[in-house]
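Observations on the three-dimensional arrangement
Residue strings, one per chain:
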Amino acid sequence: MFPADLKYTKDHEWLKPAGDGTALVGITHYAQDALGDVVFVDLPEVGETFEAGEEFGTVESVKTVSELNMPVGGEVLEANATLADHPEAVNEDPYGKGWMVKIKLAGDLSGLLDAKAYEALVGAESH
Amino acid sequence: MSVSVSELMKTPLNAAHRALNAKMVDFGGWDMPVQYPAGILAEHEAVRTRAGLFDVSHMGEIRVKGPGALALVEHLTPNAVSKLAIGQVHYTAFLYENGTFVDDLLVYREGEEEFLLVVNAGNSDKDFAWVQQHAPAFDCTVVNESPATGQIALQGPLSLDILQPLTKTPLDPIGYYFFTHGEVAGLKCLISRTGYTGEDGFELYCAAGDTEKLWNAVMAAGTPKGLLPAGLGCRNTLRLECKMALYGHEIDDTIHALEAGLGWIVKLDKGDFMGRDALLAAKAAPAPRKLVGFKTLEKRDIARDHMPVVQDGKQIGFVTSAAPSPTCGINLGLAYVPTELAKVGGRIQIEIRGRAVDADIIPTPFYKRAK
């Protein structure tokens, strides 16, 4: 539920550094579970840049909508095109096929949570 | 969250929902399942194509009995109660003198002088006080049976096939919006062919203490046929597709019955009733706003409850309920708009997170089952 190789935000996004200055961004298992069935993901264009914490898109489920916030600053290199036809991938595989954007990192990762800290945060919210 | 789970009211099925790993939410002070692990889309589809089972024990039941019962219910509601046969049920409302809604409800005629009023959970205490307040002028007793009553709703095209093996009462002869008393799985029930999903189905009322046994029996009979437990999430999308009103959304104490499109429950010629004068006046003057159905044009434009309807940067109306429609595959909703714009084929704009997006007014209900 909380892969150790990912970094997390308190807003329930994850970031997976590739080691080459790029990273994948998505939402956590906890977030997809809270949203329920995802029906649409609105993603930015390639080349757009965002500050840490800035809204870069939205994820819509049957019952609600949630903002997507960038875990760190960066430029969008790719948006996950398969989500247009298969938004359910966010529910089924949030850390894999459900990834949302690939970014070129412009900031450091020191403000992000590790798996243990995120697990503790989620545990506190659900009790 | 200001209310902890322990302070929420619980139906007799609370433990059953938790055992099924339901996701529970605070619904008007009740701890209720919004969905089970299958999810809203799967539960919605089950109800449209097979069957779903809902816990609706949170609904309120008020029994009115005595020589003055008919006159009291006629006084408090706009529909023609005297036309109800024993064993028949109809949709109606409690209205204030100004024609706006105290609540909407079902009236069951149990006998010449006995009626069961089924009201919304969140309004149950207000409704009971409302009926009590008006009852002294009529020769009848008013009893709040809500705490003693459980209710489950079996909805979907396979409902009859699932339920019939559990009861000796012939179900097929019970017409839509009729009811009878019988035993289901050996438990005494009021068996009502009603629902809030637009599908065929039965609502079963039983003693609170029997609810879990009844739920388990129907689940066991239905599961091999594709029955799923169904939560409030799909209950909302199902009723929205059929343009069935929800208190706090399409109707409340600021909206009167005619602008809500509920003129069909208002029988102005039946004699006097609460709200009649206001509705007569409203009928004579053109209503300034009307409830319409709409769909947004782009997949990404998903309207939600309470969003503004705008024109040239000004708010001219509001969305009452909206969601991506699982059955229709479009993003739809209901909204109050100025009457001059309320024409099928017309275009309105809805403000979604700061963006004015186009929506077309389309015919309602959005979904109607094949007969």
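Residues numbered from 1 in each chain as written. Chains lettered and ligands numbered in written order. Predicted model: local features only at pLDDT ≥ 70, side-chain atom pairs only at ≥ 80, totals over all residues.

**A look at the overall build of chain A**
Convention followed: Each helix corresponds to a stretch of at least 4 residues labelled H or I by DSSP, and each strand to a stretch of at least 2 residues labelled E; elements are numbered beginning at the N terminus. The reference for a compact globule is 2.2 Å times residues^0.38; the radius of gyration itself is calculated from the C-alpha atoms. Exposure criterion: with C-beta atoms placed from backbone coordinates, a residue whose C-beta has 20 or more other C-beta atoms within 10 Å is buried, one with 12 or fewer is exposed, and one in between is partly exposed. Each residue gets a C-beta atom placed from its backbone, and two residues are in contact if those atoms lie within 7 Å.
Secondary structure summary: chain A contains three helices and nine strands in total. Secondary structure of chain A in N-to-C order comes out as β-β-β-α-β-β-β-β-β-α-β-α. What you see for chain A is a C-alpha radius of gyration of 13 Å, in line with the 14 Å of a compact globule of 127 residues. Taken along its principal axes, the extent of the C-alpha atoms in chain A is 35 × 35 × 20 Å. Going through the 127 residues of chain A one by one, you find that 43% of them count as buried. Of the contacts made within chain A by residues no fewer than 6 positions apart, 63% connect residues no fewer than 24 positions apart.

**Structural notes on the packing of helix H2 (residues 40-49) of chain B against helix H7 (residues 232-241) of chain B**
Residue and element names in this part refer to chain B. Inclusion rule: Axes here refer to lines fitted to C-alpha atoms; in helices the fit is confined to the stretch in contact. Angles between the N-to-C directions go from 0 to 180 degrees. Any angle from 65 to 115 degrees is called roughly perpendicular, while one under 35 is roughly parallel, one over 145 is roughly antiparallel, and all others are oblique. Handedness of a helix crossing follows the sense of rotation of the near helix relative to the far helix, less than a right angle counterclockwise being left-handed and clockwise being right-handed.
Put simply, H2 and H7 touch, their axes get as near as 9 Å, and they point 55° apart. What the angle tells us is that H2 and H7 run oblique. In the crossing of H2 with H7, the sense of the turn from one axis to the other is right-handed. Of H7, the residues touching H2 (which contributes Ile-40, Glu-43, His-44 and Val-47) are Gly-233, Cys-234, Thr-237 and Leu-238.

**A closer look at the sheet that holds strand E16 (residues 314-324) of chain B**
Residues and elements named next belong to chain B. Quick reminder of the rule: Between any two strands, at least two bridges found by DSSP are needed for them to pair.
The six strands are arranged E14-E17-E16-E15-E18-E19 in a closed barrel whose pairing can be described as antiparallel. Between one strand and the next, the sheet's axes are offset by a mean angle of 45°, whatever the strand orientation. In the sheet, strand E14 (residues 289-296) pairs with strand E19 (residues 355-362) via four bridges, with the strands oriented antiparallel. Bridge pairing links Thr-296 to Ala-359 in E19.

**Some words on the interface of chain A and chain B**
The following threshold applies: Lys, Arg, Asp and Glu make up the charged group, whereas Ala, Val, Leu, Ile, Met, Phe, Trp, Tyr, Cys and Pro make up the nonpolar group; the residues left over, Gly among them, are polar.
Taken together, the nine residues of chain A in the interface contact 13 residues of chain B. Examining the composition of the side of chain A that touches chain B, we find that three residues originate from one element, strand E4 (residues 38-42) of chain A, more than from any other. Here the residues of the side of chain A that touches chain B sort into four nonpolar, one polar and four charged.

**Remarks on the sheet that holds strand E9 (residues 101-105) of chain A**
Residue and element names in this part refer to chain A. Reading across the sheet, the six strands line up as E1-E2-E3-E9-E8-E5 and stay open at both edges, with antiparallel pairing between neighbours. At either end of the open sheet lies a strand with only one pairing partner, and these are strand E1 (7-8) and strand E5 (49-50). Pairing of E1 with strand E2 (residues 13-17), which is carried by two bridges, proceeds in the antiparallel orientation. Considered in E2, the bridge of Lys-7 is made with Leu-15.

**Observations concerning the pairing of strand E4 (residues 60-65) of chain B**
It is a general feature of regular strands that their side chains alternate between the two faces of the sheet. All names here are of chain B. Examined bridge by bridge, E4 and strand E7 (residues 114-119) share six bridges and lie antiparallel to one another. In the strand pairing of E7, Gly-60 is matched with Val-119. Both E4 and strand E8 (residues 141-144) contribute to a ladder of four bridges, which runs antiparallel. Of the residues in E8, the one forming a bridge with Ile-62 is Asn-144.

**Digging into the confidence of the model for chain B**
Basically, it comes down to this: Residue-level confidence of the predictor, termed pLDDT, takes values from 0 up to 100.
Mean pLDDT over chain B works out to 96, with 98% of the residues at or above the 70 mark. On the interface metric, ipTM, the complex scores 0.90, and its pTM is 0.95.

**Observations concerning unusual backbone geometry**
Residues and elements named next belong to chain B. The residue after Thr-364, namely Pro-365, is reached through a cis peptide bond having omega -5°. If you trace the backbone, Pro-365 turns up in the segment after E19. Backbone geometry places Asn-21, a non-glycine residue, at a positive phi of 60°. Counting through the fold element by element, Asn-21 comes out in the loop between helix H1 (14-19) and strand E1 (23-27).

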